[in-house]
Amino acid sequence: MNQILVTGTSNKSKGGPLQLKTVGIIFAVAILILGAVIAGMAIFSQAGGNEAQKQASIPLLEVTQNGAAVTLNITHDSAIDKIMYNWNDEEEVVLQGRGRNIIEEVISATTGTNMLNIRVVDIFGKEATYSKEIIVESSDVTKPQIELIVEDMKIKISVRDETELAYVEFHWNDEDETVLEPREDSKQVIEERIDIIKGENTLRVKAVDTAGNVEEKEQKYKGSTKPTVQMVKEGGNVKISVTHEQNIQKIEYIINGLLYTTDPENTGVALGVTEYTYSFPLATGENEITVRAYNTDNVYNEVTQKITY
């Protein structure tokens, strides 16, 4: 009996661990299969959601007109494949999207009333169509040309257009605009000279032609006052006085063809004074004297006099 009991106990000890190991393996496999199923469902759900979103969204188009120039602004959450447009029933023109999802294209309209038809297709084949009536009184699409020229302490605003200007407006910084209109005998050109105001300021100019084409330009300028120059004859000498409210950079004198300067070595160092006085002896007869005084902004004042001794 003891032998039978020992043998039975031995068989149970061998079978027990095998059964536990088998159960563990089955449980682990089940966990892996369940995880794979859940992951697959999540991926499928996400893909289906993305696909549904792509199917639901369409490219958005905004059409703006400025004279004969028509701007197409296209935005989309997917890349654009191509844009196709035509006027009335004419042949379509194709513009490539080049993988962009924000696109701006400018096209030209012809004079009169025309229907613009547009088709926008994204890389998934989703297509949106738009139509808009465009009315153009002129086929002019050329913008006016603005030129800003510094002349002494003034700025010359020169605006030209190949057809006809409607108006020009300008202003310093955030001040109110000043509006200029063309003269009856000069419809293609508007010119105006204005003072450069003191300090650093921004000039903004806007030009509009009769077709509605707009050009804008802005430029920063640093305004500064010129030095003041006075020449006084005192016996056999000429007394030259130069003053400036801030600082005098240098002074050049040309007396009877000979040049004198306060900066002969051309060091660029300012005099560091607001008033400077110098006397020169006069030669017998007529003396021609030119004084050119600079401030630290390189703005100069030139005065020429003839003094007889």
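For the structure itself, look to the data block above.
Just so it is clear, the model here is predicted, and its values are computed rather than measured. Every chain begins its residue count from 1, and numbering advances along the sequence as written. Local features in this predicted model are restricted to residues whose pLDDT is 70 or higher, and side-chain atom pairs enter the listing and the counts only when it is 80 or higher, whereas totals over whole chains, interfaces and linings include all residues. With hydrogens and water set aside, each side-chain value is computed from the structure's full complement of heavy atoms.

1. Some points on the overall build of the protein chain
So, step 1. Every helix listed is a DSSP run of H or I at least four residues long, and every strand listed is a run of E at least two residues long, numbered separately from the N terminus. Within the protein chain, the regular secondary structure consists of one helix and 21 strands.
So, step 2. Three exposure classes are used, based on accessible area relative to the maximum for each residue type with a 1.4 Å probe and protein chains only: buried under 20%, partly exposed in between, and exposed over 50%. Relative to its full complement of 309 residues, the protein chain shows a buried share of 32%.
So, step 3. Of the contacts made within the protein chain by residues no fewer than 6 positions apart, 57% connect residues no fewer than 24 positions apart.
So, step 4. Just so you have it, the protein chain exposes about 19400 Å², and 51% of that area is on carbon and sulfur atoms. Contacts: residue pairs with any heavy atoms within 4.5 Å of one another. The Shrake-Rupley method, run with a 1.4 Å probe sphere, supplies the accessible areas, and residue values consider only the shown protein chains as cover.

2. Regarding the pattern of salt bridges
Side chains that carry opposite charge are capable of pairing whenever their charged atoms lie near each other.
So, step 1. Salt bridge, as used here: a side-chain nitrogen of Lys or Arg that lies within 4 Å of a carboxyl oxygen of Asp or Glu. If you walk through the whole model with that rule in mind, you get 15 salt bridges.
So, step 2. A salt bridge links Glu191 to Lys156; its shortest N-O distance comes to 3.8 Å. With Glu191 in strand S12 (residues 189-195) and Lys156 in strand S9 (residues 154-160), this pair connects stretches of sequence that are 35 residues apart.
So, step 3. Classification of Glu191 by relative accessible area gives partly exposed; the value is 36%.
So, step 4. Here the salt bridges share partners, and the residues they tie into one network are Lys250, Glu252, Arg292 and Glu302.

3. Quick look at a negative patch on the surface
So, step 1. Candidates for patches are residues over 30% relative accessible area with no salt bridge; among them, like charges are joined within 9 Å and nonpolar side chains (Val, Leu, Ile, Met, Phe, Trp, Tyr) within 5 Å. In this tally, Asp and Glu contribute negative charge and Lys and Arg positive charge; neither His nor the terminal groups of the chain are included. Charge coordinates come from a single atom per side chain, which is NZ of Lys, CZ of Arg, CG of Asp or CD of Glu. The grouping of Asp174, Glu175, Asp176 and Glu177 at the surface amounts to a negative patch.
So, step 2. Tracing the chain through its elements places Glu175 in the loop between strand S10 (165-172) and strand S11 (178-180).

4. Examining the pairing of strand S20 (residues 286-295)
So, step 1. A large share of S20 lies buried, amounting to seven of its ten residues.
So, step 2. DSSP-based pairing: two strands are paired if at least 2 bridges between them are found. Bridging between strand S17 (residues 248-255) and S20 involves seven bridges; their strand directions are antiparallel. If you follow Lys250 over to S20, its bridge partner there is Tyr294.
So, step 3. As paired elements, S20 and strand S21 (residues 300-308) share nine bridges and run antiparallel to each other. Bridge assignment links Arg292 to a residue of S21, and that residue is Glu302.
So, step 4. The hairpin turn running from S20 into S21, its antiparallel successor, is four residues long, and Asn298 in that turn takes a positive phi close to 65°.

5. What about the sheet that holds S12?
So, step 1. Pairing is antiparallel across the open sheet formed by three strands, whose spatial order is S8-S9-S12. The open sheet has two edge strands with one neighbour each: strand S8 (145-151) and S12. Ignoring which end each strand starts from, the neighbouring axes of this sheet average 15° apart.
So, step 2. Here S9 pairs with S12 via seven bridges, running antiparallel. Here, axes are lines fitted to C-alpha atoms. For helices the fit covers the stretch in contact, and angles between N-to-C directions go from 0 to 180 degrees.

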